[in-house]
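Structure assessment
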Amino acid sequence: MLSSYYTVKRPARHTLVIQKSRFIATVTRAENEQDAQSFINGIKKENQDANHNCSAYMIGEHDDIQKANDDGEPNGTAGVPMLEVLKKRNLKDTVVVVTRYFGGIKLGAGGLIRAYGTAVTEGLNEAGIVRCDLMKIVTITIDYTWLGKIENELRTAGYEIKQIDYLGQVEITVYVPEAQKDRFAEWMTNLTSGQGQIIENGTTYLEKDVGTGNG
């Protein structure tokens, strides 16, 4: 599994008007090609009166699936520029459809390339970008006498606390970066003088909002 990757934060739609043509970018996540194709077909059905519904998507841990479709626009003027924006932003599991309603003025090959690329860029900005970091879910079980100290140390060190359960003992569940899990266990053992129980409860990706960029 990747230690981190970028994807879109939420589904979004953005409209761009160029020379009286409307370019409507619709963006969402897709974890597999079937989901991507289903999304594309849904947009096509929704905008079946449009002149074009061009699409692009990148899916897989190592960008194993990359597809682009010009949907009737001149070859290489829509789908490929759209895909290039996804690549430039280093996005995974992302699909975008740009719907075009022709306004009567031809843009030429260069104009189309710029228009479709810009539409995707602005659609992604509308959706927002998140970085997904691979985390271990770790539960620390301690006596109540340790709660104040441990909670303070965790927050000061910048660890995100998932939840605290007040049972016979206190159970603090924390997200710990995969690469830090051994160091974290040693640190927690030292903090509690060996009196805390530390258990790993699986792995997940934790999303962090990075706005419209992924630098």
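Please refer to the structure placed before this passage.
In what follows, the accompanying structure is described.

1. Overview of the packing of aromatic side chains
- All told, the structure shown has six aromatic pairs when counted by the stated rule.
- Put simply, the rings of Tyr159, Phe184 and Trp187 pair up and form one aromatic cluster.
- In this arrangement the basic side chain of Arg22 is found over the ring face of Tyr101, its NZ or CZ atom lying 4.6 Å from the centre.

2. Structural notes on the pairing of strand E2 (residues 12–18)
- Examined bridge by bridge, E2 and strand E3 (residues 21–29) share seven bridges and lie antiparallel to one another. Paired with Leu16 across the bridge in E3 is Phe23.
- The turn joining E2 and E3, which pair antiparallel and follow one another in sequence, is formed by two residues; a positive phi near 50° is taken by Gln19.

3. Remarks on the nonpolar core
- Judged by nonpolar contacts, the single largest core of 27 residues is most densely connected at Leu86 and Val98.
- Looking at this core, the elements that each hand over two or more residues are strand E1 (4–8), E2, E3, strand E4 (52–59), helix H2 (79–88), strand E6 (94–101) and helix H3 (108–127).
- The element contributing the most residues to this core is H3, with seven residues.
- Filtering out sequence-adjacent residues up to four positions away, Val98 remains in contact with Phe23, Ile24, Ala25, His52, Asn53, Cys54, Met82, Tyr116, Ala119 and Val120.
- In terms of nonpolar packing, the next biggest core, distinct from the first, is built from 17 residues, Ile142, Leu154, Val176 and Phe184 among them.

4. Observations regarding the pattern of salt bridges
- One pass over the full model with this rule turns up 11 salt bridges.
- Here Arg100 ties to Glu73 by a salt bridge, and the two come within 3.0 Å at their closest N and O atoms. Placement of Arg100 in strand E6 and of Glu73 in the loop between strand E5 (65–69) and H2 is noted, with a sequence separation of 27 residues between them.
- Overall, the relative accessible area of 4% leaves Arg100 in the buried class.
- Taking the shortest distance from any N to any O, the salt bridge between Glu84 and Lys87 comes out at 3.6 Å. With Glu84 and Lys87 both in helix H2 and three residues apart, this pair spans about one turn of that helix.
- Take Glu84: its relative accessible area is 40%, and that puts it in the partly exposed class.

Rules used throughout
Residues numbered from 1 in each chain as written. Predicted model: local features only at pLDDT ≥ 70, side-chain atom pairs only at ≥ 80, totals over all residues. Heavy atoms only, no water. Phe/Tyr/Trp six-rings, centres within 6.5 Å; stacked < 30°, edge-to-face > 60°. Lys NZ or Arg CZ within 6 Å of the ring centre and 35° of its normal. Pairing = 2+ DSSP bridges. Helix = DSSP H or I, 4+ residues; strand = E, 2+ residues; numbered from the N terminus. Core = buried A, V, L, I, M, F, W, Y, C linked by side-chain atoms within 4.5 Å. Buried < 20%, exposed > 50% of the residue type's maximum accessible area, 1.4 Å probe, protein only. Contact = heavy atoms within 4.5 Å. Salt bridge = Lys/Arg side-chain N within 4 Å of Asp/Glu carboxyl O.

Function cannot be read off these values alone, since they describe shape.
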